[in-house]
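Each chain is listed here by its residues.
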Amino acid sequence: FADIAITSVFVGVMFGRLGCLLHGCCYGGVTSGLPWAITFPPQSVPFEALVARGLIEETAQCSLPLHPSQLYDATSALLLALLTWTFYPYRRWTGEVVALGWIAYPINRFLIEFLRSDEPGRFGTPLTIAQWISIGLFVSGIVYYQYLKRTAMGRLSLSLDTPAVPQQVLIVR
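About the criteria used
- Residues numbered from 1 in each chain as written.
- Predicted model: local features only at pLDDT ≥ 70, side-chain atom pairs only at ≥ 80, totals over all residues.
- Heavy atoms only, no water.
- Helix = DSSP H or I, 4+ residues; strand = E, 2+ residues; numbered from the N terminus.
- Buried < 20%, exposed > 50% of the residue type's maximum accessible area, 1.4 Å probe, protein only.
- Contact = heavy atoms within 4.5 Å.
- Areas by Shrake-Rupley, 256 points an atom, 1.4 Å probe, with all protein chains shown as cover.
- Salt bridge = Lys/Arg side-chain N within 4 Å of Asp/Glu carboxyl O.
- Phe/Tyr/Trp six-rings, centres within 6.5 Å; stacked < 30°, edge-to-face > 60°.
- Lys NZ or Arg CZ within 6 Å of the ring centre and 35° of its normal.
- pLDDT = per-residue confidence, 0-100.

1. Let's talk about the overall build of the chain
Within the chain one finds five helices and zero strands. In the chain, the succession of α and β elements from N to C terminus is α-α-α-α-α. For the chain, with 173 residues in total, the buried portion stands at 35%. The long-range share in the chain, meaning contacts at least 24 apart out of those at least 6 apart in sequence, stands at 65%. On the chain, roughly 11000 Å² of surface is accessible, and the fraction owed to carbon and sulfur atoms is 68%.

Right under this line is the structure:
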C-alpha cells in the first residue's frame with residue numbers, strides 16, 4: 001500500500017508548498033536579476049522579516065525580490081510524484097518505491113533549504129533544522145533500502161533453492 005501511497009504524499013507536498021506561497025511562509029532568500037523572483041506585499045511574513053532584519057523600511061511598497069523557494073519545492077515534489085508513479089511498475093520488491101521516495105525527498109529538501117532564508121542554522125552550524133532532519137531521513141532511507149534488498153534477496157534465494165513441486169493437472173473430458 002505504501003508503494004502506491006507515496007506518490008500521493010508528494011502530490012500533497014506540492015499542494016502544501018503552493019499554500020506556503022499563498023501564505024508567504026517558507027520564503028526564499030533575497031535575489032537580484034532573476035526574472036522569476038517574487039515580491040510580497042506589506043504585512044506579509046517575508047515583508048515583516050525583511051523589515052525586522054533592517055533590509056527594507058516599513059514604508060516600502062513591497063519586499064525585496066526573493067527566490068520563489070515554495071515554487072521550487074512544489075515543482076520538485078511534482079517531479080518526485082512522477083518519478084515514484086513511473087517507477088512503481090518496475091519495482092523489484094515490496095517497499096522499493098517508498099525507499100526511493102524516502103531517499104530522494106531529503107536530497108531535494110536539503111538543497112532547497114540553501115535558497116530559503118526563513119530559518120537560521122542550528123547546533124552551531126549553518127544547517128537548518130530541516131537539513132538536519134533531511135540527513136537523518138536520507139541515512140534511514142538508505143538503511144531501509146538495504147534491509148529491503150537483503151530480505152528480498154533472502155526470499156529469492158530460498159525460492160531458488162526449493163525444488164519445484166510438480167502440479168497435478170486435472171483433465172476434464
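2. Focus: the pattern of salt bridges
Taken as a whole and judged by the stated rule, the model has four salt bridges. Between R17 and D73 there is a salt bridge, and its shortest N-O distance comes to 2.9 Å. Of this pair, R17 sits in helix 1 (residues 2–23) while D73 sits in helix 3 (residues 69–87), placing them 56 residues apart in sequence. Taken as a pair, R17 and D73 share a single burial class, namely buried. Across the pair E113 and R109 runs a salt bridge, and its minimum N-O distance is 3.0 Å. Taken together, the residues span about one helical turn, with E113 and R109 both in helix 4 (residues 96–113) at a distance of four residues. When salt bridges with common partners are traced through the structure, they connect R109, E113 and R116 into a single cluster.

3. Notes on unusual backbone geometry
One non-glycine residue, C26, lies in the positive phi region at around 55 degrees. Relative to the helices and strands, C26 resides in the loop between helix 1 and helix 2 (45–52). Given a relative accessible area of 13%, C26 falls into the buried group. The phi angle at Q43 is positive, at roughly 70 degrees, despite the residue not being glycine. For Q43, the location among the structural elements is in the loop between helix 1 and helix 2.

4. Things to note about the side chain of S69
Relative to the helices and strands, S69 is located in helix 3. Not counting the four nearest positions on each side in its chain, S69 is found in contact with C26, Y27, G28, I112 and R116.

5. Some thoughts on the packing of aromatic side chains
Within the structure shown, the criterion is met by five aromatic pairs. Centre to centre, the rings of F10 and Y105 are 6.0 Å apart; their planes meet at 35 degrees, and the pair counts as tilted. Of the two residues, F10 sits in helix 1 while Y105 sits in helix 4, which places them 95 residues apart along the sequence. An identical accessibility class is assigned to F10 and Y105; each is buried. The ring of Y88 has R91 lying over it, and the distance from NZ or CZ to the ring centre is 3.8 Å.

6. Points about helix 2
Within helix 2 the residues assigned to the buried category are P46, F47, A49, L50 and V51. Count one or two residues on from helix 2 and you reach G54, which has phi positive near 80 degrees.

7. Brief notes about the confidence of the model for the chain
For the chain, the mean per-residue pLDDT works out to 85, and 87% of the residues sit at or above 70. Highest mean pLDDT in the chain belongs to helix 3 (94); lowest belongs to helix 5 (residues 129–161) (79). Every residue in residues 157–161 scores below 50 in pLDDT, and together they form zero contacts with partners more than four places removed in sequence or on other chains.

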